[in-house]
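# Residue-level structural notes
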Amino acid sequence: MNKIKEKFISFYNSENPTKIEYGFVILVCFIMLITYAYNDLKSLTIWSTNILDVVYDFKIQDYFSYTALNIYNAPHQYVSGTVYNLIPWAIWNIPIWIMQRFFNNPILFNPISLIYSNMFLVACLVFTLYFTYKIVMKLTNDLSKAKWVIFLSLSFIYTLIGIFYAGQTDIMISLLSVMGLYFLIEKKEKYFLILSSFAISIKYFFFFPYIAIILLTEKKISKIFYKLFIGLIPTIASFLVFHFMPMYSVSSEANPFYWMINDFVNGFVVVNNGNTLSMFILGLLFIYFMSYITKVKDEKEKIHYIIYLIVASYSMIFMFSTYEFYRMILLMPFIYILFSLSKRWNLNIILETVLSLTSIFLMINHNQNYFFSNVNSLNGGLLASMLNITNFNDYSVYMVANSIPFYGVLSSVASSILVGVFIIILVINHPRFKDSLIQIKDDINVRGLIWLRLFIIVPFIMYNIIMLLR
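This write-up is about the structure you can find in this document. (Residues numbered from 1 in each chain as written. Predicted model: local features only at pLDDT ≥ 70, side-chain atom pairs only at ≥ 80, totals over all residues. Heavy atoms only, no water.)

### A closer look at the overall build of the protein
For the record, the criterion: Numbering goes from the N terminus for both helices and strands, where a helix is a DSSP run of H or I of at least four residues and a strand is a run of E of at least two. Our radius of gyration is a C-alpha quantity, and the globule rule it is checked against amounts to 2.2 Å times the number of residues to the power 0.38. Partly exposed describes any residue whose relative accessible area lies between the buried limit of under 20% and the exposed limit of over 50%, with all areas from a 1.4 Å probe on protein chains only and scaled to the type maximum.
Secondary structure assignment for the protein yields 25 helices and two strands. Here the C-alpha radius of gyration of the protein, 23 Å, is about what a compact globule of 470 residues would show, namely 23 Å. With respect to the three principal axes, the spread of C-alpha positions in the protein is 70 × 65 × 50 Å. Split into buried and exposed, the 470 residues of the protein put 56% on the buried side.

### A closer look at the side chain of Glu 21
Rules: Two residues form a contact once any of their heavy atoms are found within 4.5 Å.
On the secondary structure map, Glu 21 appears in helix 2 (residues 19–35). In this structure Glu 21 comes out as buried when scored by relative accessible area, which is 3%. With sequence-adjacent residues up to four places away left out, Glu 21 is seen in contact with Phe 11, Asn 16, Trp 148, Phe 151, Arg 447 and Trp 451.

### Quick word on the pattern of salt bridges
The criterion, for reference: A carboxyl oxygen of Asp or Glu within 4 Å of a side-chain nitrogen of Lys or Arg is what we treat as a salt bridge.
On inspection of all chains with the given rule, the structure shows 12 salt bridges. Between Arg 453 and Glu 352 there is a salt bridge whose closest N-O contact spans 2.7 Å. Of this pair, Arg 453 sits in helix 24 (residues 447–455) while Glu 352 sits in helix 19 (residues 345–366), and the two are 101 residues apart along the sequence. Residues Arg 453 and Glu 352 agree in their burial class; the two are buried.

### As for the layout of surface pockets
Note the threshold: A cavity here means a set of points on a 1 Å grid, drawn over the protein atoms and nothing else, where a 1.4 Å probe fits but cannot get out; a pocket is an open set with protein on both sides within 12 Å along at least five of seven lines, and a residue lines either one if it has an atom within 4 Å of a point. Grid points are joined across faces, edges and corners, and a volume is the space filled by probe spheres set on the points. Only Asp, Glu, Lys and Arg are considered charged in this grouping, and only Ala, Val, Leu, Ile, Met, Phe, Trp, Tyr, Cys and Pro are considered nonpolar; every other residue, Gly among them, is considered polar.
By volume, the second largest pocket amounts to about 570 Å³. For the lining of the second largest pocket, the element with the highest residue contribution is helix 17 (residues 299–320), accounting for four residues. Considered class by class, the residues forming the lining of the second largest pocket number six nonpolar, five polar and eight charged.

### Remarks on a nonpolar patch on the surface
Counted only if it meets this: Residues forming no salt bridge and having over 30% relative accessible area are the ones grouped into patches, like charges within 9 Å of each other and nonpolar side chains (Val, Leu, Ile, Met, Phe, Trp, Tyr) within 5 Å. Computed with the Shrake-Rupley method and a 1.4 Å probe, the accessible areas treat only the protein chains shown as cover for residues.
Taken together, the side chains of Tyr 56, Ile 87, Ile 91, Ile 94, Ile 98, Met 99, Phe 102 and Phe 103 present a nonpolar region at the surface, about 740 Å² in accessible area. Among the secondary structure elements, those contributing two or more residues to the nonpolar patch are helix 5 (86–92) and helix 6 (94–103). Per-element accounting of the nonpolar patch gives the leading share, five residues, to helix 6. Judged by its relative accessible area of 33%, Ile 94 falls in the partly exposed class.

### Notes on the environment of Val 354
By the element assignment, Val 354 lies in helix 19. Accessibility expressed as a relative area gives 30% for Val 354, which makes it partly exposed. Each C-alpha atom of the pair Val 354 and Ala 414 lies 9.7 Å from the other, and the pair is 60 residues apart in sequence. With residues near it in sequence (within four places) discarded, Val 354 still touches Ile 417 and Val 421.

### Topic: unusual backbone geometry
Omega for the peptide link from Met 332 to Pro 333 comes to 5°, which places this bond in the cis form. Mapped onto the fold, Pro 333 is located in the loop between helix 17 and helix 18 (334–340). One non-glycine residue with positive phi stands out, namely Asn 70, at about 50°. Along the chain, Asn 70 falls in the loop between helix 4 (63–69) and helix 5. Notably, Asn 104 is not glycine yet its phi reads approximately 50°, a positive angle. Looking at the secondary structure, you find Asn 104 in the loop between helix 6 and helix 7 (111–140).

### Quick look at the packing of helix 2 against helix 8 (residues 143–155)
How we decide: Under this scheme, a helix contributes an axis fitted over its contacting stretch, all axes are lines through C-alpha atoms, and angles between N-to-C directions fall in the 0 to 180 degree range. Roughly parallel means an angle under 35 degrees; roughly antiparallel, over 145; roughly perpendicular, 65 to 115; everything else is oblique. Here a crossing is taken to be left-handed if its near helix is turned anticlockwise relative to the far helix by less than a right angle, and right-handed if that turn runs clockwise.
Contact pair helix 2 / helix 8: the axes reach a minimum separation of 10 Å and the direction vectors enclose 25°. One element, helix 2, and the other, helix 8, form an angle in the roughly parallel class. Remark: the crossing between helix 2 and helix 8 carries left-handed chirality. Of the residues in helix 8, those touching helix 2 at Glu 21, Tyr 22 and Val 25 are Lys 147, Trp 148, Ile 150, Phe 151, Leu 154 and Ser 155. Residue classes in the contact of helix 2 with helix 8 are distributed as six nonpolar, one polar and two charged.

Now the structure itself:
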């Protein structure tokens, strides 16, 4: 009995993530990969293979009108956003396109094809983690910290949701921006600018931290506007090339970013004779002003500031706007790279765990029809196909949450905690925050919380599977 206890204590206190912990995360990823086929994944896959159709038929100019015909019955009729995220995915999907085009094997009726398509996003995740590892090693030269950053990034609940449940291309933003950061650390600014411009062109979100980075690193007004323009070149080029294509304007209206802009600028606080104040815009203005007036001491502090500004800019979205349930994947891996530069590692893990728990609790109510919803995610998955299940009742975790007493009050409390935790993270991880201001010792073993992080998603998966089998 003592030996078992000693082994457990040794395991609990191990310096690095263990094979068992990695094995659990990989198992969860695998189960989600074969279980879910979210509607967005289906549409994105078909939109990508539609590119191959029009290229093969020499009708590239008809891409948007061809997609609008929706001959493969994708859940969404019109292409939304730019096509930069679809081009590399189309190349990846050539094998399943061949099966659909020439062998009458429709992708949406073949779970293996959908899994293959989703593996493109998994590959993007792998490369994101690879460059993250290289960055942390360069900045800290601490192998243990680098391993933990990779593990926490992989096991982040929004990494699992964004890729293995929702099948979203936000991971491509993370990949391009983390690659850009790596080249900036290597003092290859032109590669940073190029990669950042394409990260912006995917879904535009990286433009918010990109502005802050430019204001921090460049003080001449003319050069600031020049570099901001560089960041928009692929987006402008996309508009100029596609603007006159049939159905492009209709497809553009389907871009969710446009209605999100309305949420960004809508007021949340009444000020000045009954007018409303946008906390999102106010927060960004403060970040941009502080970025411009800040003079960094050296290259090391500059990189620290850049990572901080990426996290801070994204945090404004998640504190003060409306967004989809998978969007917080944008924080990965930057928030963990930022943690690796702090002396308050364990405190940060505690805060991040609270952040994950409260945000997931809030997502259940906000995205009630899509967040772990059977009808929107299990139809077309390999598990349902293996079980020969064709009828999918509209069950979602919201049905459970809706029965919780005082759910509205609890949601208000959770929202307050969420914003408070974000603010605390931004305060204690500021590059010039003095650790001497904190009296709490950072010697608490947080492995139990790390295990809690791993299990947060399990009840949601189990709920879907149980409802599937009913």
